[in-house]
Amino acid sequence: MLARLKTFTLLGIEAMPVDVEVDISPAAMPKTILVGLPDAAVKESTHRVERAIVNSGFIRPQDRVVINLAPGDLPKQAASFDLPVALGVLAGSGQLAAERLEQYAIIGELALEGMTRPVKGALSIAIEAAKNQSLRGIVVPAENANEAAVVERLEVIPVESLAQAVAFFAGEIDVHPAPSRLDQLFEQFSAYDLDFGDVRGQESAKRAMTLAAAGSHNLIMVGPPGSGKTMLAKRVPTILPQLSAPESIETTRIYSALGQLPAGQPLLARRPFRSPHHTISDAGLVGGGNPPAPGEISKAHHGILFLDELPEFNRKTLEVMRQPMEDNVVTISRALRSTTFPADFMLIAAANPCPCGYRSDPRRSCNCTPPQIEKYIGKISGPLMDRIDIHIEVPAVPFEELSTSSVSGTTSDQMREDVVRARHRQCDRFGEGQIRYNAQMTSRQVRKFCELDKSCQQMLRHSVEEMGLSARAHDKILRVSRTIADVAGDESINELHLAEAIGYRSLDRDLWI
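Residues numbered from 1 in each chain as written. Predicted model: local features only at pLDDT ≥ 70, side-chain atom pairs only at ≥ 80, totals over all residues. Heavy atoms only, no water.

### Section: the side chain of Ser124
1) Next: Its location among the elements puts Ser124 in helix α4 (residues 122-131).
2) Next: Given a relative accessible area of 1%, Ser124 falls into the buried group.
3) Next: Discounting residues that sit within four places of it in the chain, Ser124 has contacts with Leu10, Ile13, Ala15 and Arg253. (Helix = DSSP H or I, 4+ residues; strand = E, 2+ residues; numbered from the N terminus. Buried < 20%, exposed > 50% of the residue type's maximum accessible area, 1.4 Å probe, protein only. Contact = heavy atoms within 4.5 Å.)

Take a look at the structure:
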């Protein structure tokens, strides 16, 4: 007897439909054959399924069982096939009526006693299942129900065991679909514990952070140890607009596919902040492996990637970020197929001005020699620095500002008001296209939206010739100028906006040329 069920497998962060076909026929000796390009975890599932069937009170077929996972050329990974295979075996052996099986996709891992265990990628699978008009819903382990229920217009049936799943498909019990709680999840998980009001002094750095957040510009901070660079970077998510529902789902599915969602939190309502160690590998940063998995730049999608002690990173590792920084996606190519991961992140980097860190600190003496400084700074390539829009120096904080007990600095709420206002202006300017922020403007859009009068053109020409800036740096200055004008509420760029934007390229002259 033949039984057919629908399930899904993950390829990167995308869910691919798979048909589970189970054929049971008489044979002299019981034997189970699994075909369809399964990996080791899927091959081992036959032993788990057999014991789960017996321990759940059902009869293991003493016949020849052939399980086909179609399409045959698609690699099948993970243990999410346990539940559909078990139900297929029961349906093929006549222990379960197969009528309702066609209405639902099924995923889930089984323990030996027949209880379900959570699987990776439930959100991506639910998104793909919702696109299939022939499916009424999806049956998932109870621990994955809240995650899958984020997708509306889809019945998400939570089951805790194989026996419960059989009873549901047999019509013996009713299992209420898990409710979608998007609004409740955003309200519960969107608050931040950090605030820029905690940072003493550094008002010029806060200003640069506001501009970077307003236009989604990349930023680098250079300053001595203990000046507050990390403290500033960790608070950038608090001034960004709240994640929209589509942005949150797009980010959550990356963590879901990796099995890295925080416990008890089925949806990411705060912008991710990723801070990898400087010993990270190329694959760890941009993604890789076999099968390809997302790296840190994809985990920072719609959020912040913070690279502390930037010169300590392997130069080759940093160079692989150059293409994703321009395209907002990263493509991992293998011999058989290519996988693309989203990587729309805002880069914030921090560095010391020299190996000892005190080159720019008037209170400490620097013993680094010019060759040592040149070698240290030379670890960061010019092309990478070219892709960072805003360069700022973060000096040590004076004692008077550290010792004050009152919070007199700019707070996150005040900075967020400027950011949201500037982003609304950008939304009106760019509409609903792929370009959403000033930092993403094409060369044609830069010429259209960043027009300069004669005095501004003369100022920019002088700066480009004096600092030896590239064509990319020239456009970066115009994009930052446009953001400064948006924050100020001005329609056109004036000399003050342009002068401030040029000031944010000072490291090109001081350190990197």
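There's plenty left to go through after this.
### A few points about the layout of surface pockets
1) Next: When its volume is computed, the largest pocket comes out at roughly 700 Å³.
2) Next: In this structure, the largest pocket is lined by 31 residues; those nearest its centre are Glu326, Asp327, Asn328, Asp344 and Gln440.
3) Next: Taken together, the elements giving at least two residues each to the lining of the largest pocket come down to α10 (245-258), α14 (322-327) and α21 (471-488).
4) Next: Class assignment of the residues belonging to the lining of the largest pocket gives a composition of 10 nonpolar, nine polar and 12 charged. (1 Å grid on protein atoms, 1.4 Å probe; cavity = no way out; pocket = protein on both sides within 12 Å on 5 of 7 lines; lining within 4 Å. Points joined across faces, edges and corners; volume = space filled by probe spheres on them. Nonpolar A, V, L, I, M, F, W, Y, C, P; charged D, E, K, R; others polar.)

### Topic: the packing of aromatic side chains
1) Next: According to the stated counting rule, one finds five aromatic pairs in the structure shown.
2) Next: Linked through ring pairs, Tyr104, Phe168 and Phe169 together constitute an aromatic cluster.
3) Next: The aromatic ring of Phe168 is capped on one face by Arg100, whose charged end is 4.4 Å from the ring centroid.
4) Next: Looking at Arg364, its charged tip hangs above the ring of Tyr358, at a distance of 4.1 Å from the centre. (Phe/Tyr/Trp six-rings, centres within 6.5 Å; stacked < 30°, edge-to-face > 60°. Lys NZ or Arg CZ within 6 Å of the ring centre and 35° of its normal.)

### Considering the environment of Gly431
1) Next: Mapped onto the elements of the fold, Gly431 is located in the loop between α18 (412-430) and α19 (443-449).
2) Next: Here the alpha-carbon distance between Gly431 and Glu147, two residues 284 residues apart in the chain, equals 31 Å.

### Structural notes on the pairing of strand β15 (residues 329-333)
1) Next: Side chains Val330 and Ile332 of β15 all project onto a buried face; the interleaved residues Val329, Thr331 and Ser333 project onto a face where none is buried.
2) Next: When β15 meets strand β16 (residues 338-342), the two strands line up antiparallel, connected through five bridges. Within β16, the position partnered with Thr331 by the bridge is Thr340.
3) Next: A loop of four residues connects β15 with β16, the two strands running antiparallel in sequence. (Pairing = 2+ DSSP bridges.)

### Remarks on the pattern of salt bridges
1) Next: Summed over the entire model, instances satisfying the criterion amount to 29 salt bridges.
2) Next: A salt bridge links Lys6 to Asp19; its shortest N-O distance comes to 3.6 Å. With Lys6 in strand β1 (residues 2-11) and Asp19 in strand β2 (residues 14-25), this residue pair connects regions lying 13 residues apart in the sequence.
3) Next: Close ionic contact of Asp361 with Arg363 constitutes a salt bridge, the shortest N to O distance being 3.5 Å.
4) Next: Via salt bridges that share partners, Glu326, Asp386, Arg387, Arg472 and Arg505 belong to a single interconnected network. (Salt bridge = Lys/Arg side-chain N within 4 Å of Asp/Glu carboxyl O.)

### Quick notes on the nonpolar core
1) Next: In this structure, Ile297 and Met321 are the most contacted members of the largest nonpolar core, which totals 65 residues.
2) Next: For this core, the element with the most residues is α4, which contributes six residues.
3) Next: When neighbours within four sequence positions are excluded, Met321 is seen to be in contact with Leu285, Val286, Ile297, Leu305, Leu307, Leu347 and Leu384. (Core = buried A, V, L, I, M, F, W, Y, C linked by side-chain atoms within 4.5 Å.)

### A few points about the pairing of strand β17 (residues 346-351)
1) Next: With respect to burial, β17 is a largely interior element, six of its six residues being buried.
2) Next: Direction of pairing for strand β10 (residues 219-222) relative to β17: parallel, over a ladder of four bridges. Within β17, the position partnered with Val222 by the bridge is Ala351.
3) Next: Bridge count for strand β14 (residues 304-307) against β17 is four bridges, and the pairing is parallel.

### Comments concerning the state of the cysteines
1) Next: According to the stated counting rule, one finds zero disulfides in the structure shown.
2) Next: Its sulfur unpaired, Cys450 is 12 Å from the next cysteine sulfur, which belongs to Cys456.
3) Next: Here Cys450 falls in the buried class, since its relative accessible area comes to 4%. (Disulfide = S-S within 2.5 Å.)

### Section: the sheet that holds β14
1) Next: Pairing in this open sheet of five strands is parallel, and the strands run β11-β14-β17-β10-β18 from one edge to the other. Of all the strands in the sheet, just β11 (273-274) and β18 (390-393) have a single pairing partner and so form its edges.

### A short note on unusual backbone geometry
1) Next: With an omega of 5 degrees, the peptide bond running from Ala70 to Pro71 counts as cis.
2) Next: In this fold, Pro71 is placed in the loop between β4 (64-70) and α3 (82-92).
3) Next: In this structure, Pro291 follows Asn290 across a cis peptide bond, with omega equal to 5 degrees.
4) Next: Residue position: Pro291 is located in the loop between β12 (287-288) and β13 (293-294).
5) Next: Positive phi outside glycine occurs at His302, with the angle close to 65 degrees.
6) Next: Within the secondary structure, His302 sits in the loop between α12 (296-299) and β14.

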